[in-house]
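Observations on the model geometry
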2 protein chains.
Amino acid sequence: MPSNNNEQFFIGIDGGGSKCKAVVMDANNTVLGTGISGPGNPYHGFEQATNSIIESATLALHDANLADIPLSSVIVGAGLAGVNLPILYNKMSSWSHPFKSMHLATDLLIACLGAHKGEDGAVIITGTGSCGFTNVNDKTLMLGAHGFPHGDKGSGAWFGLQAVKQVLLALDKIIPPTSMTAPLLARFDSNNATALVEAVAGKPATFYAKLANLVFDEAERGDDTAKAIVLDGCGYINRVAQRLWQQNPPRMSIIGGLAFRVVPWLQTEIANRLSAPLAPPEVGAVLFAKQQIALTDIATTSLN
Amino acid sequence: MPSNNNEQFFIGIDGGGSKCKAVVMDANNTVLGTGISGPGNPYHGFEQATNSIIESATLALHDANLADIPLSSVIVGAGLAGVNLPILYNKMSSWSHPFKSMHLATDLLIACLGAHKGEDGAVIITGTGSCGFTNVNDKTLMLGAHGFPHGDKGSGAWFGLQAVKQVLLALDKIIPPTSMTAPLLARFDSNNATALVEAVAGKPATFYAKLANLVFDEAERGDDTAKAIVLDGCGYINRVAQRLWQQNPPRMSIIGGLAFRVVPWLQTEIANRLSAPLAPPEVGAVLFAKQQIALTDIATTSLN
């Protein structure tokens, strides 16, 4: 396909803690193909992350029938969890990547750009972790995204950890019985606190996040302890939304694996102001790369 | 010292997560010497724990001027954190130890036996971790001791983690400012949430426990957020004490590095019923070994 050699292709990368998603797009923002590989979060290993980025990009080119396009001709936008930490941003920036160019952003910025098709806006993310983010007039504000177990209230990991805590207190008869106890113990084929502790000891955020739906299920069935957890976590999301609106974003979306469980528990006026996300984060990564290139072009033009 | 060869010596071991303490006692419960070595908690490594037990025992014999006494002549009582988990109890029980005999108990049982000089009673422990324990009419009840971050409310690690959580929320302006922020950031030479998150990410219970005094300091100076944490944690200790009294222990003590900070915040009637501990856990370990031997003697006598 010689015509491909004259066309500039873009790859968007969304590198998270469990998987790395890639999308190939052309100059007109048409999606041509996608690819998924393993963890792409440099927080959990630089080698793993860079391998996953190359693998997902290669898979996406194959999916787009562009396997003959060399990586060295492609412009990449990459949004990676963790690069808000300077040590990880510097490490990823110094990577001798195989692409024509790579434009590095946080996972939050590309999620926000994707949700609002490159325009200003705000996002609340609640999946394994949680955070809030606004991007208005080239100014960004990040709330949360502090990690487990010291932050990320209202995230899947947070809800799961609260469930384990409260069930252990109920088994000790420090608090009244909760209907979360039976399904939580059953999940680990355990029948007492000791067995539950053995099952959860030392486990990471991803483990606890898998328990989050159980909390919402029991809250919706009327369990007081589960309801208190859900109201506490969703109360935090309410406050995050209020803080984000203070930045006057034109739109706000909530995304992430737990979003559809959280929304029914938010304050009505906050839930009603949420808009559907328009594109996924990996598309936002391409939009980011194009914005960076446009900025460079403007700077070059004004120098001439 | 040939006379020593005719006398039975006992060594008590208190094996915790940061250190292993040993005491040498004679048949009359006179303390002859003590020794301290590294971590003695099999939860963090079987080799480390068994090495620490032998080292602390050897040091205690030296301290008692009994270096000529072979370990193979000594009766040992060992109370080890973690052996309430069956997998660790079985592992420690199968150890080919160098002693005449070794009687294995949890750290909680020997702490309780020590606090009440071998008699029935209850203990609340709040140091790096937290738990409650009663030993009445040969029946024991354990509350808590579930570990970090899913349990151990009211422990040093729990107080420290709450401080980090609340300071991160305050830095995000999700909650009002707290006077804990300045000293916590200063502790890590940081001046923002990102630097604080870098300092605490992935840290264990022992790290967070070092922050507990800061919470009590600011609570006592009147900071509302710190006071709320302290009242929540100490409210849990109140409920643990109430649950333990339901077992009708003759005495109750509170021990551990954070006990003196917690007591002033307990309900007055609960604080007033607490008795001073009479001996440390390692002495309780010797009392445990002697009780086990007495039980064996009774069983042997009744068989004859």
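Residues numbered from 1 in each chain as written. Chains lettered and ligands numbered in written order. Predicted model: local features only at pLDDT ≥ 70, side-chain atom pairs only at ≥ 80, totals over all residues. Heavy atoms only, no water.

Observations regarding unusual backbone geometry
Residues and elements named next belong to chain A. A cis geometry characterises the amide bond from phenylalanine 148 onward to proline 149, with omega recorded as 5°. A positive phi is found at asparagine 137, a non-glycine position, where the angle reads about 55°. Examined against the element boundaries, asparagine 137 turns out to sit in the loop between strand S7 (130–136) and strand S8 (139–144). (Helix = DSSP H or I, 4+ residues; strand = E, 2+ residues; numbered from the N terminus.)

Topic: the sheet that holds strand S3 (residues 31–37) of chain B
Residues and elements named next belong to chain B. The mixed open sheet is built from five strands, whose spatial order is S3-S2-S1-S4-S5. The strands lining the two open edges of the sheet, one partner per strand, are S3 and strand S5 (101–106). Taken pair by pair, the neighbouring strands of this sheet meet at an average axis angle of 15°, ignoring direction. Pairing of strand S2 (residues 20–25) with S3 involves six bridges; the strand directions are antiparallel. (Pairing = 2+ DSSP bridges. Axes fitted to C-alpha atoms, helices over the stretch in contact; angles between N-to-C directions.)

Brief notes about the relation of the copies chain B and chain A
Of the two same-sequence chains, chain B is brought onto chain A (RMSD 0.1 Å, axial shift 0.1 Å) by a rotation of 180°. Taken together, the rotation and translation describe the operation of a two-fold axis. For chain B, the smallest separation between a C-alpha atom and the rotation axis is recorded for proline 149 of chain B, amounting to 3.4 Å. Both copies contact each other with a shared surface, as 100% of the interface residues of chain B are interface residues in chain A too. (Least-squares fit on C-alpha atoms with pLDDT ≥ 70 in both. Contact = heavy atoms within 4.5 Å.)

Regarding the packing of aromatic side chains
Taken as a whole and assessed by the stated rule, the structure comprises 12 aromatic pairs over all chains. Their ring planes at 85° and their centres at 5.2 Å tell us that tryptophan 158 of chain B and phenylalanine 159 of chain B sit as a pair that is edge-to-face. For tryptophan 158 of chain B, a relative accessible area of 7% puts it in the buried group. Here the aromatic rings of phenylalanine 207 of chain B and tyrosine 208 of chain B are separated by 5.4 Å at their centres, their planes lie at 90°, and the arrangement is edge-to-face. Chaining the aromatic ring pairs together yields one cluster made of Phe148, Phe188, Phe207 and Tyr208 of chain A. (Phe/Tyr/Trp six-rings, centres within 6.5 Å; stacked < 30°, edge-to-face > 60°. Buried < 20%, exposed > 50% of the residue type's maximum accessible area, 1.4 Å probe, protein only.)

What to know about the pairing of strand S8 (residues 139–144) of chain B
Residue and element names in this part refer to chain B. Bridge count between strand S7 (residues 130–136) and S8: six bridges; the pairing is antiparallel. By the bridge assignment, cysteine 131 is partnered in S8 with glycine 144. Hairpin connection from S7 to S8: two residues lie between these consecutive antiparallel strands, with asparagine 137 at a positive phi of about 50°.

Considerations on the side chain of aspartate 223 of chain B
Residues and elements named next belong to chain B. Among the secondary structure elements, aspartate 223 is positioned in the loop between helix H8 (212–220) and helix H9 (224–245). Of the side chains with opposite charge, lysine 227 comes closest to the buried, unpaired aspartate 223, at an N-O distance of 9.3 Å. At a separation of 2.8 Å, a polar atom in the side chain of aspartate 223 contacts the side chain of threonine 178. Within the structure, the side chain of aspartate 223 is placed 2.9 Å from the backbone nitrogen of alanine 226, a separation counted as a polar contact. Those residues in contact with aspartate 223, other than ones at most four positions away along the chain, are Pro177, Thr178, Ser179, Met180 and Glu218. (Lys, Arg positive; Asp, Glu negative; His and termini not counted. Salt bridge = Lys/Arg side-chain N within 4 Å of Asp/Glu carboxyl O. Polar contact = N/O pair within 3.5 Å; in protein donor to acceptor, adjacent residues only side chain to side chain.)

Some remarks on the domain arrangement of chain A
What the domain assignment reports for chain A is domain 1 (2–117 + 279–303) and domain 2 (156–272). Once you take the C-alpha centre of each, domain 1 of chain A and domain 2 of chain A turn out to be 33 Å apart. (Domains from an automatic or database assignment.)

A short note on the interface of chain B and chain A
Taken residue by residue, the interface counts 30 residues in chain B and 31 residues in chain A. Overall, the association of chain B and chain A removes approximately 2,800 Å² of surface from exposure, summing both partners, and the carbon and sulfur fraction of that is 64%. Area buried by chain B at its contact with chain A is led by His146, His150 and Ile174 of chain B, which between them contribute 24% of it. Taken together, chain B and chain A are joined by five residue pairs in polar contact (both at pLDDT 80 or more). (Buried area = accessible area lost by both parts, 1.4 Å probe.)

Focus on the sheet that holds strand S9 (residues 252–255) of chain B
All names here are of chain B. Across the sheet, which stays open at both edges, the four strands sit in the order S8-S7-S6-S9 with mixed pairing between neighbours. Here the strands that pair on one side only, and so sit at the sheet edges, are S8 and S9. For this sheet, the mean inter-axis angle between neighbouring strands, taken without regard to orientation, is 15°. Alignment of strand S6 (residues 121–126) against S9, held across four bridges, turns out to be parallel. Bridging across to S9, isoleucine 125 finds its partner in isoleucine 255. Against the sheet, H9 touches S6, S7, S8 and S9, its axis set at about 165° to S6.

Focus: the pattern of salt bridges
Residues and elements named next belong to chain A. Scanning all chains against the criterion turns up eight salt bridges over all chains. In this structure, arginine 261 and aspartate 217 form a salt bridge, with 2.9 Å as the shortest nitrogen-oxygen distance. With arginine 261 in helix H10 (residues 259–262) and aspartate 217 in helix H8 (residues 212–220), the pair connects residues that are 44 residues apart, well separated along the chain. Owing to a relative accessible area of 30%, aspartate 217 belongs among the partly exposed residues under this scheme. Arginine 221 is the salt-bridge partner of glutamate 218, the closest N and O atoms lying 2.6 Å from each other.

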